[in-house]
Amino acid sequence: MIPVNPDATKEAVNLLSFLSSLAGKKIITGQHTQTIPMEEIEYIKSVTGREPFLRGFELLSYSPNINYSASSEECLKEVEENKGTAEIALEWAKKNGAASAKCIVAFSFHWFSPCGGRDKSFYSKNTDFDPEKVFIDGSIERKAFYSDMDTIALILEKFKESKIPVLWRPFHESYGTWFWWGRKGPLVASRLYKLMFDYFVNKKKLNNLLWVWNCDSPDSYPGDDYVDINSIDVYLEEKKPTDYRANYEKLIGECGKNKLCALAEVGFNPDISLLEKSKIPWVYYMTWSKEFSMDGIKNTKEELCTMYSSDYSLKL
């Protein structure tokens, strides 16, 4: 399996090949973090003695258009806690051998709307930003959209310079309308994704990125030429042992059947014993941050120990 970017770096090529070799044989453990202390990692290490192989980082505080004067204390705290995480991610990646696929960096981006908005303006309810206007030449929305991309490209460029491949998951959860990029439906989000792909690949030459699509809605898949990994976020209403088979079958039914698949966000970790039996080929899962990882209820200490001691899971 080769990346969709024909100019992908050697490191990105090797990472995708490595992921492909694991599908149906092992699952990579992953954990999202969004603060400098990365308290989730320390918690998992204290419970299991091991660390996740994949570490997810957040770029929300790097959004150029944060309206500080019209933000709640909750929003300001979240932004402040997130500042500097890209630099921490780069340091961690270098230290642990991400260039040689000895660990994996993944980025999420809760993108504050490129113009307008208040408070947590990545939420549709907090901004009137119209994503369809990004496709209108000369529009304020289009100019702001590309200006923001320039800012984020500078961050991702540092990883390229350090030969660090990155799992890049923009415009996530576009099957819902809660984020501004999904407010006009997943097809619009898919078009935004392709705009970014073209700009980052052909203009910015960010050849270290592997492109992760995050939606299972019918008719919105960007196409095999734009996606390295298909993914979905799953937050079950009720906890139960699962290998997420139904989600996998829906994902490959609506998206590219020949692509790797991942659980990009989960509230409840997959059951490792069920996965080992079913061989559902999720290449990785990533538990969401804070209470999802550390409350001892959504994922108990016993369950974490079972996951991180299993031969079927890959961890540091």
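Residues numbered from 1 in each chain as written. Predicted model: local features only at pLDDT ≥ 70, side-chain atom pairs only at ≥ 80, totals over all residues. Heavy atoms only, no water.

Next up on the list: the packing of aromatic side chains. Summed over the entire model, instances satisfying the criterion amount to 29 aromatic pairs. Between the aromatic rings of F122 and Y123, the centroid separation amounts to 4.8 Å while the plane-to-plane angle is 55 degrees, which identifies the pairing as tilted. Ring geometry for W168 and F200: centres 6.3 Å apart, planes at 40 degrees, overall tilted. Of the two residues, W168 sits in strand β5 (residues 166–168) while F200 sits in helix α6 (residues 186–203), which places them 32 residues apart along the sequence. Owing to a relative accessible area of 0%, W168 belongs among the buried residues under this scheme. The ring of Y123 carries K125 above its face, with NZ or CZ at 5.7 Å from the centroid. Taking the ring centre of F135 as reference, the NZ or CZ of R191 above it sits at 3.7 Å. (Phe/Tyr/Trp six-rings, centres within 6.5 Å; stacked < 30°, edge-to-face > 60°. Helix = DSSP H or I, 4+ residues; strand = E, 2+ residues; numbered from the N terminus. Buried < 20%, exposed > 50% of the residue type's maximum accessible area, 1.4 Å probe, protein only. Lys NZ or Arg CZ within 6 Å of the ring centre and 35° of its normal.)

All right, on to helix α2 (residues 39–48) then. Since the α-helix packs 3.6 residues into each turn, any two residues three or four apart lie on the same face. Of the residues making up α2, those classed as buried are E40, I41, Y43, I44, V47 and T48. Each buried residue of α2 lies within a common arc of 160 degrees when the element is viewed along its axis, so the set occupies one face. For α2, the secondary structure elements touched by its buried residues are β2 (30–32), β3 (54–58), α9 (291–294) and α10 (301–309). The first or second residue beyond α2 is G49, which carries a positive phi of 80 degrees. (Arc of directions from axis to C-beta. Contact = heavy atoms within 4.5 Å.)

In the contact formed by helix α4 (residues 85–96) and helix α5 (residues 140–161), the axes pass within 11 Å of each other and the chain directions differ by 10 degrees. For the element pair α4 / α5, the angle class is roughly parallel. Judged by residue contacts, A86, E87, A89 and L90 of α4 engage I155, K158 and F159 from α5. In the contact of α4 with α5, the residues fall into 5 nonpolar, no polar and 2 charged. (Axes fitted to C-alpha atoms, helices over the stretch in contact; angles between N-to-C directions. Parallel < 35°, antiparallel > 145°, perpendicular 65-115°, else oblique. Nonpolar A, V, L, I, M, F, W, Y, C, P; charged D, E, K, R; others polar.)

Before going further, it helps to examine the layout of surface pockets. Over the atoms rolls a probe the size of a water molecule, and its path tells where empty space is left. In this model, the largest pocket occupies a volume close to 350 Å³. Along the wall of the largest pocket there are 18 residues; nearest its centre are Q34, E78, H110, Y123 and W288. Looking at side-chain class alone, the lining of the largest pocket contains 7 nonpolar, 4 polar and 7 charged residues. (1 Å grid on protein atoms, 1.4 Å probe; cavity = no way out; pocket = protein on both sides within 12 Å on 5 of 7 lines; lining within 4 Å. Points joined across faces, edges and corners; volume = space filled by probe spheres on them.)

A word on the packing of α2 against α10. Across the interface, α2 lies against α10 with an axial gap of 9 Å and an inter-helix angle of 80 degrees. Between α2 and α10, the angle falls in the class roughly perpendicular. Residue-level contacts link Y43, I44, V47 and T48 of α2 to K301, L304, C305 and Y308 of α10.

Purely geometric numbers; function is a separate question.
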